[in-house]
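Analysis of the macromolecular model
Residue strings, one per chain:
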Amino acid sequence: MSVRPSSPIALLLALALCACGDERPVETFDPGPVEAAIPEVVSALADGRPDQALELIAARRRQPDPPEGLDLFEGMALIDAGRPAEAEAALARELDARPGNGQAHMLLAEQLIVAGRLDEARAHLEQAGAHGADPVYLALLRGRLALDTDDDETAKRAFRDFLQGDRYSARAAEAHHALAQIAEREGDQDSAASHRRTSEHLEQVAQFLNLYRERLEADPADVDATLGVGMIYLDLFVNMGGEAQMSKQAAAAFRAVLGRDPQNVKALFNLGFLRSIEGRFEEAEHDWERVIAIDPGHSGSLLNLGRLALRNGAQSAAEGRFREALDGADDDDERSQAHLELATLLEQQGRLAEALEHFEAALTLRPGAPQDVLDHVAQLRAQVSG
């Protein structure tokens, strides 16, 4: 009968001694086939039902020839269930049987970092990297470990590496928060403030996404929740670097909304915006025309239709749309934008006095204009008065 080492670090030492003795490398274990063999367990874990996952794992163990690697998934479920000591034991059992399981090494390292057992965690991170664990998540764990050991330079590199692969999740919020802390210690207050704002924004995004997903799990036909998901991905697309995947997910959500509510103005308007970004101007125009048919004074759609008309050289049509947008505007921001569009068009046509009126109106509604805009209006004022 074999005796399992009493701690994960002892296990690693035992493995190292064995490797030195027979010089055979530890074979990397791929948990993919195990995952494919237990879809019900994977589904329970993905849905945030760790107790059910544990029951399903126990049932699998009672069957003939249970698949290898169940301890890995039991460890995952125990982590999610908030039972860290049992999770560590399950992951240690898995590594005792399959020391080349990089994912188990990675999960155990994470638990050990939380427990403050940093030397043991470091050893498992090395093994995780050697056996094909997720390099993105490993970067996050290396960042946590370096931060806990006051190695700011290593932590900074690790968190930046992580953000190359994961820019939007709650873990990305954690990485930005850590980078803010490091920047503050380095005296870079601008960078610290920027990372702090991004962290707070991503935390809020994660909270809303979780809320909407819970609602959709309870009612897949919840139009408002589906629209909320689309708006979150649209926000990430616009404000976090314009990543195509965010645009695709937003568009998919808006199309799902329109499948249930064909006259949903918000979904139509934003789907048109995404199509215009992709250069699909005819489809975008169709979306915005549909909005106008539902809500004739929709300022955003009228402004965009005016811009499309300008793009096609139809200045008269564009002016008409901009004036309709001004009449239909619901707030000062919309009014200011309509005045600016009209002012720019009128100046291009040489109608300087009319253009100046609209520039002045826009500045009254939005007094904090950039200096170059203020300078331009001052020059135009001089031309008109002179």
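Everything quoted here is computed from the prediction, not taken from an experiment. (Residues numbered from 1 in each chain as written. Predicted model: local features only at pLDDT ≥ 70, side-chain atom pairs only at ≥ 80, totals over all residues. Heavy atoms only, no water.)

Overview of the overall build of the protein
Of the regular secondary structure elements, the protein holds 21 helices and zero strands. Relative to the globule expectation of 21 Å for 386 residues, the C-alpha radius of gyration of the protein, 29 Å, shows a markedly less compact shape. Seen through its C-alpha atoms, the protein measures out along the principal axes to roughly 100 × 50 × 30 Å. Residue burial in the protein is summarised as follows: out of 386 residues, 43% are buried. In the protein, the share of contacts with a sequence separation of at least 24, taken over all contacts with a separation of at least 6, comes to 49%. For the protein, the exposed surface amounts to about 20,000 Å²; the carbon and sulfur share of it is 50%. (Helix = DSSP H or I, 4+ residues; strand = E, 2+ residues; numbered from the N terminus. Rg over C-alpha atoms; globule rule 2.2 N^0.38 Å. Buried < 20%, exposed > 50% of the residue type's maximum accessible area, 1.4 Å probe, protein only. Contact = heavy atoms within 4.5 Å. Areas by Shrake-Rupley, 256 points an atom, 1.4 Å probe, with all protein chains shown as cover.)

Details of the nonpolar core
Membership of the largest hydrophobic core comes to 75 residues, with the highest contact counts inside it found for Phe73, Phe159, Leu236 and Phe254. The biggest single contributor to this core is helix H13 (residues 223–239), with nine residues. With residues up to four places along the chain from it excluded, the contact list for leucine 236 reads Tyr168, Leu202, Val205, Gly241 and Met246. If you look at the next biggest cluster of nonpolar residues, it comprises 15 residues, including Ala284, Ala309, Ala318 and Leu326. (Core = buried A, V, L, I, M, F, W, Y, C linked by side-chain atoms within 4.5 Å.)

Considering the side chain of glutamate 110
By the element assignment, glutamate 110 lies in helix H7 (residues 102–115). If near-sequence neighbours (up to four positions away) are discounted, glutamate 110 is found in contact with Tyr137, Leu141 and Arg144.

Quick word on the packing of H13 against helix H15 (residues 265–277)
Across the interface, H13 lies against H15 with an axial gap of 11 Å and an inter-helix angle of 30 degrees. With respect to H15, the element H13 is oriented roughly parallel. Considering how the two elements wind past one another, H13 and H15 form a crossing that is left-handed. Here Leu227, Met231, Leu234, Phe237 and Val238 of H13 come into contact with H15, specifically with Lys266, Ala267, Asn270, Phe273, Leu274 and Ile277. When the residues that make up the contact of H13 with H15 are grouped by side-chain class, the tally is nine nonpolar, one polar and one charged. (Axes fitted to C-alpha atoms, helices over the stretch in contact; angles between N-to-C directions. Parallel < 35°, antiparallel > 145°, perpendicular 65-115°, else oblique. Left-handed = near helix turned anticlockwise from the far one by under 90°. Nonpolar A, V, L, I, M, F, W, Y, C, P; charged D, E, K, R; others polar.)

With respect to the pattern of salt bridges
When charged atoms on two side chains of opposite charge get close, those side chains can pair. Considering all chains together, one arrives at 31 salt bridges under this definition. Arginine 60 is the salt-bridge partner of glutamate 40, the closest N and O atoms lying 3.1 Å from each other. Taken as a pair, glutamate 40 in helix H3 (residues 39–46) and arginine 60 in helix H4 (residues 50–61) lie far apart in primary sequence, 20 residues in all. Exposure remark for arginine 60: the relative accessible area of 18% places this residue in the buried category. One salt bridge in this structure joins arginine 275 and aspartate 287, with 2.8 Å as the shortest N-O distance. A residue pair is termed long-range when its members are at least 10 positions apart, and arginine 275 in helix H15 and aspartate 287 in helix H16 (residues 281–294) qualify at twelve residues. Considered together, arginine 275 and aspartate 287 belong to a single accessibility category, that of buried residues. It is possible to trace a salt-bridge network through shared partners that takes in Arg275, Glu278, Arg280, Glu283 and Asp287. (Salt bridge = Lys/Arg side-chain N within 4 Å of Asp/Glu carboxyl O.)

Things to note about the packing of H15 against H16
Packed helices, taken two at a time, are described by the angle their axes make and the gap between the axes. Relative to each other, H15 and H16 sit at 160 degrees, their axes nearing to 8 Å. The angle between H15 and H16 places the two elements in the roughly antiparallel class. By crossing handedness, the relation of H15 to H16 is classed as left-handed. The residues of H16 that touch H15, namely those facing Val265, Leu268, Phe269, Leu271, Gly272, Phe273, Arg275 and Ser276, are Phe281, Glu283, Ala284, Asp287, Trp288, Arg290, Val291 and Ile294. Of the residues belonging to the contact of H15 with H16, the class tally is ten nonpolar, two polar and four charged.

Some words on unusual backbone geometry
Unusually for a residue other than glycine, aspartate 65 sits at a positive phi of about 50 degrees. On the secondary structure map, aspartate 65 appears in the loop between H4 and helix H5 (70–80). One non-glycine residue, aspartate 150, lies in positive phi territory at about 60 degrees. When you line up the elements, aspartate 150 lands in the loop between helix H9 (135–148) and helix H10 (152–165). Given a relative accessible area of 67%, aspartate 150 falls into the exposed group.

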